[in-house]
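Coordinate inspection notes
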Amino acid sequence: MVASLILAVIPHPAAASSLRDVTPRAAYEALEADPSIVVLDIRTPFEFKRGHVEGAVNIDFYAKDFADRIMALDPARSYVMYCHAGGRSHALMRAFSQTEFKDVMHIPAGFSGWRRERLPFVR
């Protein structure tokens with residue numbers, strides 16, 4: 001239901017050029033190599049407060065203004081995106097495929113996979 005709402009609200013100007021699934025380790029390495037990559041955490045604020053990737057921007061997938069906040073992002077920037085276990089972020093990746101966003105790395109394993117890999121995070 002939420003995914004279909006996202007697809008209905010987000011405009012469809014052009015197909016994205018580089019949307020891809022990555023492992024938590026590959027995302028971490030990309031972030032280490034390029035600090036300009038924006039990290040999007042689309043979990044709830046409660047989940048975010050319990051731990052997140054350092055520097056992550058929290059945009060709650062369930063918030064009423066979610067689509068507006070996503071579309072306010074610069075589509076020319078590079079992003080790493082995750083939720084808890086990949087469900088919410090997978091829905092957003094489908095929506096991103098219909099937008100101008102050019103470079104989005106999706107962590108299907110989510111933050112839980114990030115933690116399983118014992119990668120650094122903050123609380």
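In what follows, the accompanying structure is described. (Residues numbered from 1 in each chain as written. Predicted model: local features only at pLDDT ≥ 70, side-chain atom pairs only at ≥ 80, totals over all residues. Heavy atoms only, no water.)

Looking now at helix H5 (residues 87–96). For an α-helix, 3.6 residues make a turn, and residues three or four places apart therefore share a direction. With respect to burial, H5 is a largely interior element, 7 of its 10 residues being buried. Listed as buried for H5 are Arg88, Ser89, Ala91, Leu92, Met93, Ala95 and Phe96. (Buried < 20%, exposed > 50% of the residue type's maximum accessible area, 1.4 Å probe, protein only. Helix = DSSP H or I, 4+ residues; strand = E, 2+ residues; numbered from the N terminus.)

Burial along strand S5 (residues 103–106) is two-sided: Asp103 and Met105 facing one way and Val104 and His106 facing the other are all buried. Pairing between strand S1 (residues 18–21) and S5: 4 bridges, direction parallel. Bridge pairing in S5 links Arg20 to Met105. Pairing of strand S4 (residues 78–82) with S5 involves 4 bridges; the strand directions are parallel. (Pairing = 2+ DSSP bridges.)

Regarding helix H2 (residues 24–33), the residues found buried are Pro24, Ala27, Ala30 and Leu31. For H2, the arc enclosing every buried residue in end-on projection is 125 degrees, short of the 170-degree limit, so these residues lie on one face. Among the exposed residues of H2, those pointing more than 90 degrees away from its buried face are Glu32 and Ala33. (Arc of directions from axis to C-beta.)

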